[in-house]
2 protein chains.
Amino acid sequence: MKMAHLKKYALAILLSLASLNLAWAAADPLPSWNSGPSKTAIIKFVDSVTKEDSPDFVPVAERIATFDNDGTLWSEQPMYFQVQFALDRVKALAPSHPDWQTEEPFASVLKGDIKNLHTEDLMKVLYATHTGMNTEEFDAIAKEWIATAKHPTTGKKYTNMVFQPMLELLDYLRANDFKTFIVSGGGTGFMRAWVESVYGIPPEQVVGTTFKTEFVMNNGVPEIKRLPEILVNDDKEMKALEIYERIGRQPIAAFGNSDGDLAMLQWTYAGKGLRFPMYIHHTDEKREYKYDRESHIGRLDKGLDEAKAKGWTVVDMAKEWKTVYPN
Amino acid sequence: MKMAHLKKYALAILLSLASLNLAWAAADPLPSWNSGPSKTAIIKFVDSVTKEDSPDFVPVAERIATFDNDGTLWSEQPMYFQVQFALDRVKALAPSHPDWQTEEPFASVLKGDIKNLHTEDLMKVLYATHTGMNTEEFDAIAKEWIATAKHPTTGKKYTNMVFQPMLELLDYLRANDFKTFIVSGGGTGFMRAWVESVYGIPPEQVVGTTFKTEFVMNNGVPEIKRLPEILVNDDKEMKALEIYERIGRQPIAAFGNSDGDLAMLQWTYAGKGLRFPMYIHHTDEKREYKYDRESHIGRLDKGLDEAKAKGWTVVDMAKEWKTVYPN
């Protein structure tokens, strides 16, 4: 074979490989996931429940998947982002509350001294920043914050701290006719302000912690006021109960990252047929955060043991995620 | 023209008219509705919010429609069908509750003497028949009843006492990319047992009255137990609040038949843009029932005044519905 022919031949092979590679990239529904046990398990599960000749086939109407938010779809360190929202709101509201300069816990929050905030202090901050207004006003406040606020250590917008691999997983499941729900300890109203544009999850598929509300007539026009009382604290067992109350079907797949998600995963796993409970394990101190059994936020202890005992998928972020945040 | 040609000509015209008529019938999305103000208003509304060049166009994601159930999607006389379910269950359970022969209110229910049942008696009957079991067991009980029980006066199965014109309306809205929800004072668990097959409304789009629940481990398998306490009484203002909590968007169309639906219709009407609040008025004593301002069930009094004052659509069942129940 002449040199010119060899070159042509090699070029042809290279081009074929390149186009094969493109085809593979196009076919890979989870490009930010490294090949590994979690990616394999996800794809195997989805294939099993969607192929009509599969013994594990699940009709479209029953393809319900539930996702925790904090620590599962976006980061949650060094504090839940919604807490950061509340603290930022205290600062924004301070000019119209001169008494806060001396009144605790607001005085400490305004000084940036939040290390010693107790749960009841946090509740005061939450009520002062999340209630008293009507639902439309609160939605506008949350939307404005999420559009502008930056994370204290990464300097990123919070919506740029969502997990790229999980965005792909949401898309992949929906492409396979799953209905995706959020079931989170985060506030329902807070999340609804932005999750539709960021995750593609509509308001009616967001289940979270709720405040008491009141129907009031304002010059003949009805509005719904947010009141300073937690109605549902959507954590732990309450997640399973809220899935029953609001969705009414046991999910066939559920995704969480902490012991607060364990009841949701147990309730999912208990259903008949093939089920897919999955934990995200925060193992990546370089690109994100590393924490589990001892963390005060998103503690994963009992859940990690149960996942291992029952063979649930546990994602090792450091090893299994090619990228963490969207570019 | 010769006679033979004339005949051919006439036949051709007749055939064209017949096919035109068929085309018209196929195009009519609401065949059980007589031509009249309500049918005209419904079609005009749907056209206005779905045509992309319309000034009132509404994106698909915001096309939320909410329906009351009792008296709006099926009959509710001489008593709410779910109450009939509870009374039937008392009879079914009586053999294992010998004490009920003498214990009120059960003794009266077993004798068929229910005229003097007070609200607190009814609550005892509800708790005895709707709670204590797990959610799967309750679902099976409700499914079995709805599949077999017959209405005391019509002798029909209850699912044959749904309103054919409303089934067509549900289909018509969904064909125009509306998401249809039930928002009813009926029990969520009771309705979910049958509304998906009868109305095409999935469990996650059923909002109703709920009982408290508990997450319990039964030999390592989680189940959800129904407890004897009403958590949400989904009536009046609560309907608007539950729409906020569970759906998170103001509906653009809402359908009810009583003052219990007024807040839902007000909340719908208060939204920006074109809105469609509609009342079913029970005016048909021959084919269904005739009641409004004085009825102890499904009273329509304030709502009727407000509908007239605000120009909401009020359906005159006797005049506007060609048929009431499915054949």
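Read on for an overview of the structure. (Residues numbered from 1 in each chain as written. Chains lettered and ligands numbered in written order. Predicted model: local features only at pLDDT ≥ 70, side-chain atom pairs only at ≥ 80, totals over all residues. Heavy atoms only, no water.)

**So, the overall build of chain A**
Helix and strand counts for chain A come out as 13 helices and seven strands. Its C-alpha atoms give chain A principal-axis dimensions of about 90 × 50 × 45 Å. When each of the 327 residues of chain A is scored for burial, the buried share is 53%. The contacts of chain A with a sequence gap of at least 6 include a subset with a gap of at least 24, amounting to 65%. (Helix = DSSP H or I, 4+ residues; strand = E, 2+ residues; numbered from the N terminus. Buried < 20%, exposed > 50% of the residue type's maximum accessible area, 1.4 Å probe, protein only. Contact = heavy atoms within 4.5 Å.)

**Details of the relation of the copies chain B and chain A**
Note on the identical chains: chain B maps onto chain A by a rotation of 180° and an axial translation of 0.0 Å, with an RMSD of 0.0 Å. Taken together, the rotation and translation describe the operation of a two-fold axis. Across chain B, the rotation axis passes nearest the C-alpha of Arg246 of chain B, at a separation of 3.4 Å. The overlap is high: 100% of the interface residues of chain B also sit at the interface in chain A, so the same surface is used on both sides. (Least-squares fit on C-alpha atoms with pLDDT ≥ 70 in both.)

**A few points about the pairing of strand E1 (residues 64-67) of chain B**
Consecutive side chains along a regular strand alternate between the two faces of the sheet. Residues and elements named next belong to chain B. Taking every second residue as pointing to the same face, both faces of E1 are buried, with Ile64 and Thr66 on one and Ala65 and Phe67 on the other. In this sheet, strand E5 (residues 253-256) lies alongside E1 in parallel orientation, the contact comprising three bridges. In the sheet register, Thr66 faces E5, and the bridge partner there is Ala254. (Pairing = 2+ DSSP bridges.)

**Examining the sheet that holds strand E6 (residues 276-281) of chain B**
Residue and element names in this part refer to chain B. Read across the sheet, seven strands follow the order E4-E3-E2-E1-E5-E6-E7 without closing on themselves; strand pairing throughout is mixed. With one partner strand each, in any of the chains shown, strand E4 (221-232) and strand E7 (313-316) form the two edges of the open sheet. Geometrically, the sheet is characterised by an average inter-axis angle of 30° between neighbouring strands, direction not taken into account. By the bridge criterion, four bridges tie E6 to E7 in an arrangement that is parallel. Paired with His281 across the strands is Asp316, a residue of E7. (Axes fitted to C-alpha atoms, helices over the stretch in contact; angles between N-to-C directions.)

**Some words on helix H6 (residues 135-148) of chain A**
Given 3.6 residues per turn, any residue in an α-helix points the same way as the ones three and four places further on. Along its 14 residues, H6 of chain A runs 20 Å from first to last C-alpha, staying within 8% of the 20 Å computed at 1.5 Å per residue. Buried residues in H6 of chain A make contact with helix H3 (81-93), helix H5 (119-130), helix H8 (188-192) and strand E4 (221-232) of chain A together with helix H10 (237-247) and helix H11 (262-269) of chain B. With a side-chain oxygen positioned 3.0 Å from the backbone nitrogen of Glu136 of chain A, the residue opening H6 of chain A is Asn134 of chain A. (Expected span 1.5 Å × (residues − 1). Polar contact = N/O pair within 3.5 Å; in protein donor to acceptor, adjacent residues only side chain to side chain.)

**A word on the interface of chain B and chain A**
Each partner contributes to the interface: chain B provides 39 residues, whereas chain A provides 39 residues. When the two sides are added together, the surface that chain B and chain A hide from each other amounts to roughly 3300 Å², 53% of it contributed by carbon and sulfur. The interface formed by chain B and chain A holds eight salt bridges in total. Among the salt bridges present, the one from Glu204 of chain B reaches Arg249 of chain A, with a minimum N-O distance of 3.7 Å. Run the count over chain B and chain A and you get 18 residue pairs in polar contact (both at pLDDT 80 or more). Across the side of chain B that touches chain A, the residue classes break down as 18 nonpolar, eight polar and 13 charged. (Buried area = accessible area lost by both parts, 1.4 Å probe. Salt bridge = Lys/Arg side-chain N within 4 Å of Asp/Glu carboxyl O. Nonpolar A, V, L, I, M, F, W, Y, C, P; charged D, E, K, R; others polar.)

**Topic: the pairing of E5 of chain B**
All names here are of chain B. Every second residue of E5 is oriented toward a common face, with Ala253 and Phe255 on one face and Ala254 and Gly256 on the other, all of them buried. Bridge analysis of E5 against E6 gives four bridges, and the strand direction is parallel. The residue bridging Phe255 from the neighbouring strand is Met278, located in E6. Crossover connection from E5 via H11 to parallel E6: handedness right-handed. (Right-handed = clockwise from strand over helix to strand, strands pointing away.)

**Side note on the pattern of salt bridges**
Overall, the coordinates contain 31 salt bridges over all chains when judged by the stated rule. Between Lys310 of chain A and Glu306 of chain A there is a salt bridge, with the nearest N and O atoms lying 2.8 Å from each other. Taken as a pair, Lys310 of chain A and Glu306 of chain A lie in helix H12 (residues 302-310) at a separation of four residues, close to a single helical turn. Two residues, Lys239 of chain B and Asp261 of chain B, come together in a salt bridge whose shortest N-O distance is 2.7 Å. In this pair, Lys239 of chain B sits in helix H10 while Asp261 of chain B sits in the loop between E5 and H11, placing the two residues 22 residues apart along the sequence.

**Some points on the packing of H11 of chain B against helix H12 (residues 302-310) of chain B**
All names here are of chain B. Between H11 and H12, whose axes approach to 10 Å, the crossing angle comes to 20°. With respect to each other, H11 and H12 are oriented roughly parallel. In this structure, H11 crosses over H12, and the sense of that crossing is left-handed. Taken together, the residues of H12 that come into contact with H11 (itself represented by Leu262, Gln266 and Tyr269) are Lys302, Gly303, Glu306 and Lys310. (Parallel < 35°, antiparallel > 145°, perpendicular 65-115°, else oblique. Left-handed = near helix turned anticlockwise from the far one by under 90°.)

**Considering the sheet that holds strand E5 (residues 253-256) of chain A**
Read across the open sheet, the seven strands follow the order E4-E3-E2-E1-E5-E6-E7 (chain A); overall the sheet is mixed. A single partner strand is all that each edge strand has here, and the edge strands are E4 and strand E7 (313-316) of chain A. Taking each pair of neighbouring strands and ignoring which way they run, the sheet shows an average axis angle of 30°. As paired strands, strand E1 (residues 64-67) of chain A and strand E2 (residues 179-187) of chain A are joined by four bridges and run parallel to one another. Bridged to Ile64 of chain A within E2 of chain A is Lys179 of chain A. The strands touched by helix H7 (residues 164-175) of chain A are E1, E2, E5 and strand E6 (276-281) of chain A; relative to E1 of chain A, the strand with the most contacts, the crossing angle is about 165°. This element, H10 of chain B, spans strand E3 (206-218) and E4 of chain A of the sheet and lies at about 140° to E3 of chain A.

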